[in-house]
Amino acid sequence: MSPGPGKHREETRNECSRFLEYLKSSITPAMALTDIVRVFETMCWEPVENSLILFETGTFCPAGGPLFYFSLTRQFPHSEDEDEDYAQIHVDVQYEPTEENRAFREAMLSEGFQRDIFEYIRASRAFAYAQSREYLRVEIYMDET
């Protein structure tokens, strides 16, 4: 007998909380982007069925004003039938927006990806740009869709 939807949701939250604590304890404020990506990748080595990785860059305008984001997200389905209900762990590296970084806007999901997504991230123009710049802050958090 499989666990009910509430049980699976709680297990997912517990697992995500453990991953979140790992990221928060491993990523320091002055850490280089290369090392931030490596820590995130290490967290992703632990297999979780049906989890996906999202790499996203772009200039977005949250409540405090526009920022350039270099964002890594791992999402976990809350239920075994993958009903688009997810828990997500985010690592958002935020930069001052400039004309130069406005050109970087992409979103790549690991699902159906033909190569290692972390190879793709490290080879991206956005990574080359962002690793050579000083970021404002790193936000590490979990949310649910």
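In this report, the structure presented in the accompanying data block is examined.

Conventions and cut-offs
- Residues numbered from 1 in each chain as written.
- Predicted model: local features only at pLDDT ≥ 70, side-chain atom pairs only at ≥ 80, totals over all residues.
- Heavy atoms only, no water.
- Helix = DSSP H or I, 4+ residues; strand = E, 2+ residues; numbered from the N terminus.
- Buried < 20%, exposed > 50% of the residue type's maximum accessible area, 1.4 Å probe, protein only.
- Contact = heavy atoms within 4.5 Å.
- Salt bridge = Lys/Arg side-chain N within 4 Å of Asp/Glu carboxyl O.
- Core = buried A, V, L, I, M, F, W, Y, C linked by side-chain atoms within 4.5 Å.

1. Digging into the overall build of the chain
Broken down by element type, the chain carries 4 helices and 5 strands. For the chain, the N- to C-terminal ordering of α and β elements is α-α-β-β-β-β-α-α-β. Within the span of the chain, comprising 145 residues, buried residues form 43% of the whole. Of all intrachain contacts in the chain linking residues separated by at least 6 positions in sequence, the fraction that spans at least 24 positions is 69%.

2. So, the pattern of salt bridges
One pass over the full model with this rule turns up 8 salt bridges. Across the salt bridge formed by glutamate 99 and arginine 102, the nearest N and O atoms sit 3.6 Å from each other. Given a relative accessible area of 65%, glutamate 99 falls into the exposed group. A salt bridge links arginine 137 to glutamate 139; the shortest N-O distance between them is 3.8 Å.

3. Describing the nonpolar core
Note that soluble globular proteins tend to have their nonpolar side chains buried in a common cluster. If you look at the biggest cluster of nonpolar residues, it comprises 36 residues, and the most contacted ones within it are Leu23, Phe40, Phe70 and Ile121. Elements with a contribution of two residues or more to this core: α1 (5-26), α2 (33-45), β1 (52-60), β2 (67-77), β3 (86-95), α3 (117-123) and α4 (125-131). Among the elements that line this core, the one with the most residues is α2, at 7 residues.

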